[in-house]
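# Examining the three-dimensional arrangement
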Amino acid sequence: MWNLPNKITLSRVALIPIFMIILLAPMDWGEIGFIEISIPLTHFIAGIIFIVASCTDWLDGYYARKLKLVTDFGKFVDPLADKLLVTAALIALVELGFAPAWMVIVILAREFAVSGLRQIAAANGDVIAASKIAKWKTTTQIVAVAALLLHNILFAAIGFPFAYLCLWLAVIMTILSGWDYFVKNKHVVLK
């Protein structure tokens, strides 16, 4: 259980409170400017922490496969760590007024539903690993959250709504991946 990939996964969970404190604590560290936009320094730092934490998802998977350290614990905790990180960020984005609540509710409803499916499967001795479409869902969510946290910094100067388009794509991928999980694992629910 305490192999390198699982430690990396748990480090992602440990970064969540740090990310949340920096993003939401009432601190004024000033602003940082890029091209024609400036954003609060706390948002920039929180965005970088979020990106670093998100990269650990790729890193733990890489080492798990390379070192042949894929475990049931890792299969369970890795998607849970992703959910915790993305959920915390999405709720914070709603609080900050950067993301519509209805989109976040759709994303969170899927996460709860799939987690429930996994719990039922685990009670029957099965482990449901993350599917390819779920990995794409996670990627689109991470890109959307990072772009929103960083105030659409790369495209703000030209007025291109990259962050919101990514959020829409994340919602669509979330719905598709939820559907995929339930179709492929309907035997778990029908037992």
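Note that this is a predicted model, so its numbers are computed, not measured. (Residues numbered from 1 in each chain as written. Predicted model: local features only at pLDDT ≥ 70, side-chain atom pairs only at ≥ 80, totals over all residues. Heavy atoms only, no water.)

For the protein chain, the count of helices and strands is seven helices and two strands. The C-alpha atoms of the protein chain give a radius of gyration of 17 Å, which matches the 16 Å a tight globule of 191 residues would have. Based on the C-alpha atoms only, the size of the protein chain along its principal axes is roughly 55 × 35 × 30 Å. Going through the 191 residues of the protein chain one by one, you find that 42% of them count as buried. Within the protein chain, residue pairs in contact and separated by at least 24 positions form 75% of the contacts whose partners lie at least 6 positions apart. For the protein chain, the separation between the mean place of its 15 positive charges and that of its 12 negative charges on side chains is 14 Å. (Helix = DSSP H or I, 4+ residues; strand = E, 2+ residues; numbered from the N terminus. Rg over C-alpha atoms; globule rule 2.2 N^0.38 Å. Buried < 20%, exposed > 50% of the residue type's maximum accessible area, 1.4 Å probe, protein only. Contact = heavy atoms within 4.5 Å. Lys, Arg positive; Asp, Glu negative; His and termini not counted. Charge placed at Lys NZ, Arg CZ, Asp CG, Glu CD.)

Turning next to the nonpolar core. Membership of the largest hydrophobic core comes to 33 residues, with the highest contact counts inside it found for Phe-19, Phe-50, Leu-90, Leu-93, Val-145, Leu-149 and Leu-167. Those elements that place two or more of their residues in this core are helix 1 (4-24), helix 2 (41-66), helix 3 (72-96), helix 4 (101-123), helix 5 (132-149) and helix 6 (162-184). The contacts of Phe-19, once residues within four sequence positions are left out, are Ala-46, Ile-49, Phe-50, Ala-89 and Leu-149. With seven residues, the next largest nonpolar core counts Leu-117, Ile-128, Ala-134 and Val-188 among its residues. (Core = buried A, V, L, I, M, F, W, Y, C linked by side-chain atoms within 4.5 Å.)

Our focus in this paragraph is the confidence of the model for the protein chain. A residue-level look at the protein chain finds 100% of positions with pLDDT of 70 or above and a mean pLDDT of 91. Of all the helices and strands in the protein chain, strand 1 (residues 31-34) carries the lowest mean pLDDT, 84, while helix 6 carries the highest, 96. (pLDDT = per-residue confidence, 0-100.)

For the rest of this paragraph, the subject is the packing of aromatic side chains. Going through the model one piece at a time under the given rule, you end up with six aromatic pairs. Taken together, a centroid distance of 5.8 Å and an interplanar angle of 45 degrees make the contact between Phe-19 and Phe-50 tilted. You can see Phe-19 sitting in helix 1 and its partner Phe-50 sitting in helix 2, a full 31 residues away along the chain. We classify Phe-19 as buried; its relative accessible area is 0%. Of the residues examined, Phe-50 reaches a relative accessible area of 0% and is grouped as buried. (Phe/Tyr/Trp six-rings, centres within 6.5 Å; stacked < 30°, edge-to-face > 60°.)

It is worth spelling out the pattern of salt bridges at this point. All told, the structure shown has eight salt bridges when counted by the stated rule. Two residues, Arg-12 and Asp-82, come together in a salt bridge whose shortest N-O distance is 3.2 Å. On the criterion of sequence distance, the pair formed by Arg-12 in helix 1 and Asp-82 in helix 3 is long-range, its members being 70 residues apart. Take Arg-12: its relative accessible area is 0%, and that puts it in the buried class. Note that Lys-137 is salt-bridged to Glu-111, the shortest N-O span being 3.0 Å. Residue Lys-137 is located in helix 5, and its partner Glu-111 is located in helix 4; the two are separated by 26 residues in the primary sequence. For the pair Lys-137 and Glu-111, one class covers both residues: buried. Salt bridges linked by common partners bring Arg-12, Asp-57, Asp-60, Asp-78 and Asp-82 together as one network. (Salt bridge = Lys/Arg side-chain N within 4 Å of Asp/Glu carboxyl O.)

Turning next to the pairing of strand 2 (residues 37-40). Inspection of the sheet shows strand 1 paired to strand 2 by four bridges, in the antiparallel sense. Among the inter-strand pairings, Glu-31 is bridged to a residue of strand 2, identified as Pro-40. The hairpin formed by strand 1 and strand 2 contains two residues between the paired strands, and Ile-35 there has a positive phi angle of roughly 50 degrees. (Pairing = 2+ DSSP bridges.)

So, on to the side chain of Asn-152. Of note, Asn-152 is situated in the loop between helix 5 and helix 6. A residue is classified by how much of its surface remains accessible, and Asn-152, at 14% relative accessible area, is buried. Ignoring anything within four residues of it in the chain, the contact list for Asn-152 reads Ala-147, Phe-160, Pro-161, Phe-162 and Ala-163.

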